Amino acid sequence: MLQMPSSFTPLITAQSHPDPLTFVFHGSRLLLREADLAVPSADELVRLALAGTPHPVGLLGGRYCQTFWCDNEELALPGYAWRSMRSLFGALDDDLLSVAGRASQIAEWARTHRFCGACAQPMQLKAGERCYVCSACGMMAYPRISPAMMVLIRKGDHVLLALHTASAAKRFTPLAGFLEAGESVEEAVHREVFEEVGLRVHNLHYFSSQSWPFPHSLMIAFTADYLDGEIRVDPSEIIEARWFGPHDEWPEKVPHFSVSTILVDAHRPA
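An unreviewed UniProt entry annotates the protein as NAD(+) diphosphatase of Massilia genomosp. 1. Its UniProt record gives the protein the following Sequence similarities (unreviewed entry) comment, quoted word for word: "Belongs to the Nudix hydrolase family. NudC subfamily."

(A) Spotlight on the state of the cysteines. Under the definition given, this model contains 0 disulfides. Cys-131 carries a free sulfur, and the closest cysteine sulfur to it, the one in Cys-134, is 11 Å from it. No disulfide involves Cys-134; its sulfur sits 3.5 Å from the nearest other cysteine sulfur, which is in Cys-119.

(B) Spotlight on the packing of aromatic side chains. Inspection of the entire model under this criterion finds 9 aromatic pairs. Seen in terms of ring centroids, Phe-89 and Phe-257 are 5.0 Å apart; in terms of plane orientation they differ by 40°. Their pairing is tilted. Remark: Phe-257 occurs in the loop between β15 (238-244) and α4 (259-265) and Phe-89 occurs in the loop between β6 (80-84) and α2 (94-111); sequence separation between them is 168 residues. Under the relative-accessibility criterion, Phe-89 is labelled buried at 18%. Judged by its relative accessible area of 19%, Phe-257 is buried. Every member of this aromatic cluster is reached through a ring pair, and the members are Phe-89, Trp-212, Phe-214 and Phe-257. One cation-aromatic arrangement involves Lys-155 over Tyr-226; the distance from NZ or CZ to the ring centre is 4.4 Å.

About the criteria used
- Residues numbered from 1 in each chain as written.
- Predicted model: local features only at pLDDT ≥ 70, side-chain atom pairs only at ≥ 80, totals over all residues.
- Heavy atoms only, no water.
- UniProt positions renumbered as here; feature names shortened; annotations may be inferred.
- Disulfide = S-S within 2.5 Å.
- Phe/Tyr/Trp six-rings, centres within 6.5 Å; stacked < 30°, edge-to-face > 60°.
- Helix = DSSP H or I, 4+ residues; strand = E, 2+ residues; numbered from the N terminus.
- Buried < 20%, exposed > 50% of the residue type's maximum accessible area, 1.4 Å probe, protein only.
- Lys NZ or Arg CZ within 6 Å of the ring centre and 35° of its normal.

Here's what the structure looks like:
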């Protein structure tokens, strides 16, 4: 599953390194060498002449990692290309991909907080924190994290999976949705289940969580038991939802990059 490697140490303060791992992003796409999916070297970064200063990410196996955001899509190197993060699953080393996911969230935070959202004045980095502060009005902006719940509903030896309208993969998965202001994760589970499929559940149990950098989500996964109700989908959210049991054909197995896959496979019949 996409998660930070044990060899990674997060950093807020920049360090000097002769050849850091530098993640350069244009929007959600990462600049990589096409031949071997390597990030630009220190010498190549000089040729890029990127504006601004890089943001520290951390140490990966002792090697310093930093990140830039770039507004100019044409700003590239011969033999390099912009690659979407999703396209790198299974192609890039898992540890490197996880750190790149963290770097993308930091770069997105830096890109979207150049100016104060309250008074439009330029923002400045606050010493010792991952924070932008407005010198005019004092507003502070930390990296945005958007919590989202995911739940696999169990009914005897069956589980509920749904095909979401916004699913890029068009694959049956557990129910999921973002938390609303003032809502606990458990309250979000009950609300989303009822809104999306018209069911009520109980016996919620935490399963696992995962940072999901598309662009800045935190997926919090649960299991729950069916209580009552009949499936009634919200067509704006769900194309189809149904129970999968031991004798049904389940969705095709995919590599374990997401907590959704882990959650489904933990309940997949032998």
